[in-house]
Amino acid sequence: MHAPLPDPLAVLQVATEHRITEEQAATAIEWAAHLTVHAWGTYAGLLGIEERDGRAMEAWFHSLPPATRAAVLDDAVTAVVDADNALADIYQQKDRQARVIRTNRRRIHIR
């Protein structure tokens, strides 16, 4: 099962507001949606509501304060940016290790 792609305008808005790339914004939106679905599952389980009840989930989501919804997205953006930075550090370290030390000495060929 594939998740639908995030709304392109929402991606641009998140990228602009958080000063991140569009790819990072799309990933953050998907991650925030994933976190929201898991939070709904926990909430529904506690109250005995069917998790697949889309109307109940929609009503629950709209009952959340806007600050809470924004906080979930902010946390997702932070996680995505931190993951990208960690990967960049790992790749940078590997690049440094793979380089050969160059000297000004002439090469000697042994026959």
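For every chain, the first residue of the written sequence is number 1, and numbering continues from 1 onward in sequence order. The predicted nature of this model means local features are confined to residues of pLDDT at least 70 and side-chain atom pairs, given and counted, to a pLDDT of 80 or more, with totals for whole chains, interfaces and linings taken over all residues. Hydrogen atoms and water are omitted, and side-chain values are computed over all heavy atoms in the structure.

Student: Honestly, helix H1 (residues 8–18) in this entry has me stumped. Any pointers?
Tutor: Residues three or four positions apart in an α-helix share a direction because the helix packs 3.6 residues into each turn. Three exposure classes are used, based on accessible area relative to the maximum for each residue type with a 1.4 Å probe and protein chains only: buried under 20%, partly exposed in between, and exposed over 50%. Counting from the N terminus, the helices are DSSP H or I runs at least four residues long and the strands are E runs at least two residues long. Of all the residues in H1, the buried ones are Val-11, Val-14 and Ala-15. For H1, the buried positions fall inside an angular range of 100 degrees around the axis, keeping them on one side. Among the exposed residues of H1, those oriented more than 90 degrees off its buried face are Leu-9, Thr-16 and Glu-17. At the C-terminal side of H1, Arg-19 shows a positive phi close to 55 degrees. The directions considered for the arc are those from the helix axis to the C-beta atoms.

Student: How do you make sense of helix H2 (residues 22–47) when you look at a structure like this?
Tutor: Here the expected span of a helix is defined as 1.5 Å times the quantity of residues minus one. An ideal rise of 1.5 Å per residue puts 38 Å on 26 residues; H2 measures up with 37 Å between its terminal C-alpha atoms. The set of residues buried in H2 consists of Gln-24, Ala-25, Ala-26, Ala-28, Ile-29, Ala-32, Thr-36, Trp-40, Gly-41 and Ala-44.

Student: Sorry, what's going on with the packing of H1 against H2 here?
Tutor: Comment: axis = line fitted to C-alpha atoms, over the contacting stretch for helices; angle = value between 0 and 180 degrees taken between N-to-C directions. Contact geometry of H1 with H2 gives a least axis separation of 8 Å together with a crossing angle of 110 degrees. Taken together, the axes of H1 and H2 lie roughly perpendicular to each other. When H1 is examined against H2, the residues Ala-10, Val-11, Leu-12, Val-14 and Ala-15 are found in contact with a partner set consisting of Glu-22, Ala-25, Ala-26 and Ile-29. Classifying every residue of the contact of H1 with H2 gives eight nonpolar, no polar and one charged. By the definition adopted for this analysis, an angle is roughly parallel if under 35 degrees, roughly antiparallel if over 145, roughly perpendicular if from 65 to 115, and oblique otherwise. Two residues qualify as a contact provided that any one of their heavy atoms is within 4.5 Å of a heavy atom in the partner residue. Basically, the charged four are Asp, Glu, Lys and Arg, the nonpolar ten are Ala, Val, Leu, Ile, Met, Phe, Trp, Tyr, Cys and Pro, and anything else, Gly included, counts as polar.

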